[in-house]
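Below, each chain spelled out in residue letters.
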Amino acid sequence: MTKVFPVRGTLCAYTIGMSATKTAGSKPLPLLANIHTSTQTTMPANHGDTDRAILAAIVESSNEAIVALTLDGIIYTWNGGAEQLYGYTADEAIGCHASMLSAPTCDEEVSDVISRVLTGSPIHQAEGKDVHQDGTHMDVAVTASPIKAEDGAVIGVARVAHHIGARKELERELLFN
């Protein structure tokens, strides 16, 4: 089995081999494992497309709900973590306003988040309530930051959320016991 791991801009390949040997009397010896490190392969000098592909794979495979919004609050990307957290498929969510994710009492939250990000104030770990597709309210921690074009203009908002319900429940238990 060969695995390739990126290490500081370099790809390192490790090959793991396992074998069992027997003595002349057919008694098995312990399993032997060999790990061989191949020579390092430097990533291509022009790796912009590679970097984007790697970042896209990271976003898609993340357990965090990672959503990109237009400056009008419309969802234009939706990863697997968002589908898991909120219950909507990408087809159901993309093109909808992000207010569908917030509890009814937080309707202005999306426009407030976008305004703050536009003024250069990214949001780090704000806690609030979001709503699952089935209507269940859930405690979440949200980070929002600007998505910038090559010229530095803000063209959207990246919203990353994760469920903190278990932590909030533990906090409530500790507070009242």
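For the structure, check the block above.
Below: a short report on this structure.

1. Here we look at the pairing of strand 5 (residues 65–69)
At step 1: Strand 5 sits mainly inside the fold: five of its five residues count as buried.
At step 2: Every second residue of strand 5 is oriented toward a common face, with Ala65, Val67 and Leu69 on one face and Ile66 and Ala68 on the other, all of them buried.
At step 3: Judged from the five bridges that link them, strand 5 and strand 9 (residues 154–163) form a sheet pairing that is antiparallel. Among the inter-strand pairings, Ile66 is bridged to a residue of strand 9, identified as Val160.
At step 4: In the sheet, strand 5 pairs with strand 6 (residues 75–78) via three bridges, with the strands oriented antiparallel. Across the sheet, the residue bridging to Val67 is Trp78, located in strand 6.
At step 5: In this antiparallel pair of consecutive strands, strand 5 and strand 6, the connection spans five residues, and Gly73 shows a positive phi of 85°.

2. Points about the sheet that holds strand 5
At step 1: If you walk across this open sheet you meet the five strands as 6-5-9-8-7, and the pairing is antiparallel. A single partner strand is all that each edge strand has here, and the edge strands are strand 6 and strand 7 (123–131). The mean angle between the axes of side-by-side strands here comes to 30°, regardless of whether they run parallel or antiparallel.
At step 2: Set on the sheet, helix 4 (residues 109–118) makes contact with strand 7, strand 8 (137–148) and strand 9; between it and strand 9 the angle comes to about 125°.
At step 3: Contacting strand 7, strand 8 and strand 9, helix 5 (residues 165–176) crosses the sheet at an angle of about 130° to strand 8.

3. What to know about the environment of Leu118
At step 1: Of note, Leu118 is situated in helix 4.
At step 2: Between the alpha carbons of Leu118 and Ala153 there is a distance of 9.5 Å; along the sequence they are 35 residues apart.
At step 3: In this structure Leu118 touches Leu71 and Val154, once residues within four positions along its chain are discounted.

4. Thoughts on a negative patch on the surface
At step 1: Side chains of Glu60, Glu83, Asp91 and Glu92 sit close together on the surface and give a patch of like negative charge.
At step 2: Residue classification places Glu83 among the partly exposed positions, given a relative accessible area of 37%.

5. Observations concerning empty space enclosed by the protein
At step 1: All told, the structure shown has one cavity of 30 Å³ or more when counted by the stated rule.
At step 2: Within this model, the largest cavity holds a volume of roughly 50 Å³.
At step 3: Lining the largest cavity are Leu69, Ala98, Ser102, Glu109, Val110, Val113, Ile114 and Arg159.
At step 4: For the lining of the largest cavity, the leading source of residues is helix 4, giving four residues.
At step 5: For the lining of the largest cavity, the residue count by class is five nonpolar, one polar and two charged.

6. Details of helix 4
At step 1: Taken together, the buried positions of helix 4 are Val110, Val113, Ile114 and Val117. All buried residues of helix 4 lie within an arc of 95° about the axis, which places them on one face of the element.
At step 2: Contacts made by the buried residues of helix 4 are with strand 7, strand 8 and strand 9.

7. Observations regarding the packing of aromatic side chains
Two aromatic rings are characterised by how far apart their centres lie and by the angle between their planes.
At step 1: In total, this model carries two aromatic pairs according to the counting rule given.
At step 2: Arranged with centres 5.7 Å apart and planes meeting at 40°, the rings of Trp78 and Tyr86 form a pair that is tilted. Side by side, Trp78 and Tyr86 carry an identical accessibility label, which is buried.
At step 3: For the pair Trp78 and Tyr88, a centre-to-centre distance of 6.5 Å together with 80° between the ring planes defines the contact as edge-to-face. Of this pair, Trp78 sits in strand 6 while Tyr88 sits in the loop between helix 2 (80–86) and helix 3 (90–93); the two residues are 10 residues apart in sequence, bridging distant segments of the chain.

Calculation criteria
Residues numbered from 1 in each chain as written. Predicted model: local features only at pLDDT ≥ 70, side-chain atom pairs only at ≥ 80, totals over all residues. Heavy atoms only, no water. Buried < 20%, exposed > 50% of the residue type's maximum accessible area, 1.4 Å probe, protein only. Helix = DSSP H or I, 4+ residues; strand = E, 2+ residues; numbered from the N terminus. Pairing = 2+ DSSP bridges. Axes fitted to C-alpha atoms, helices over the stretch in contact; angles between N-to-C directions. Contact = heavy atoms within 4.5 Å. Patch = residues over 30% accessible without salt bridge, like charges linked within 9 Å, V, L, I, M, F, W, Y side chains within 5 Å. Areas by Shrake-Rupley, 256 points an atom, 1.4 Å probe, with all protein chains shown as cover. Salt bridge = Lys/Arg side-chain N within 4 Å of Asp/Glu carboxyl O. Lys, Arg positive; Asp, Glu negative; His and termini not counted. Charge placed at Lys NZ, Arg CZ, Asp CG, Glu CD. 1 Å grid on protein atoms, 1.4 Å probe; cavity = no way out; pocket = protein on both sides within 12 Å on 5 of 7 lines; lining within 4 Å. Points joined across faces, edges and corners; volume = space filled by probe spheres on them. Nonpolar A, V, L, I, M, F, W, Y, C, P; charged D, E, K, R; others polar. Arc of directions from axis to C-beta. Phe/Tyr/Trp six-rings, centres within 6.5 Å; stacked < 30°, edge-to-face > 60°.

No statement about biological role is implied by the geometric values presented.
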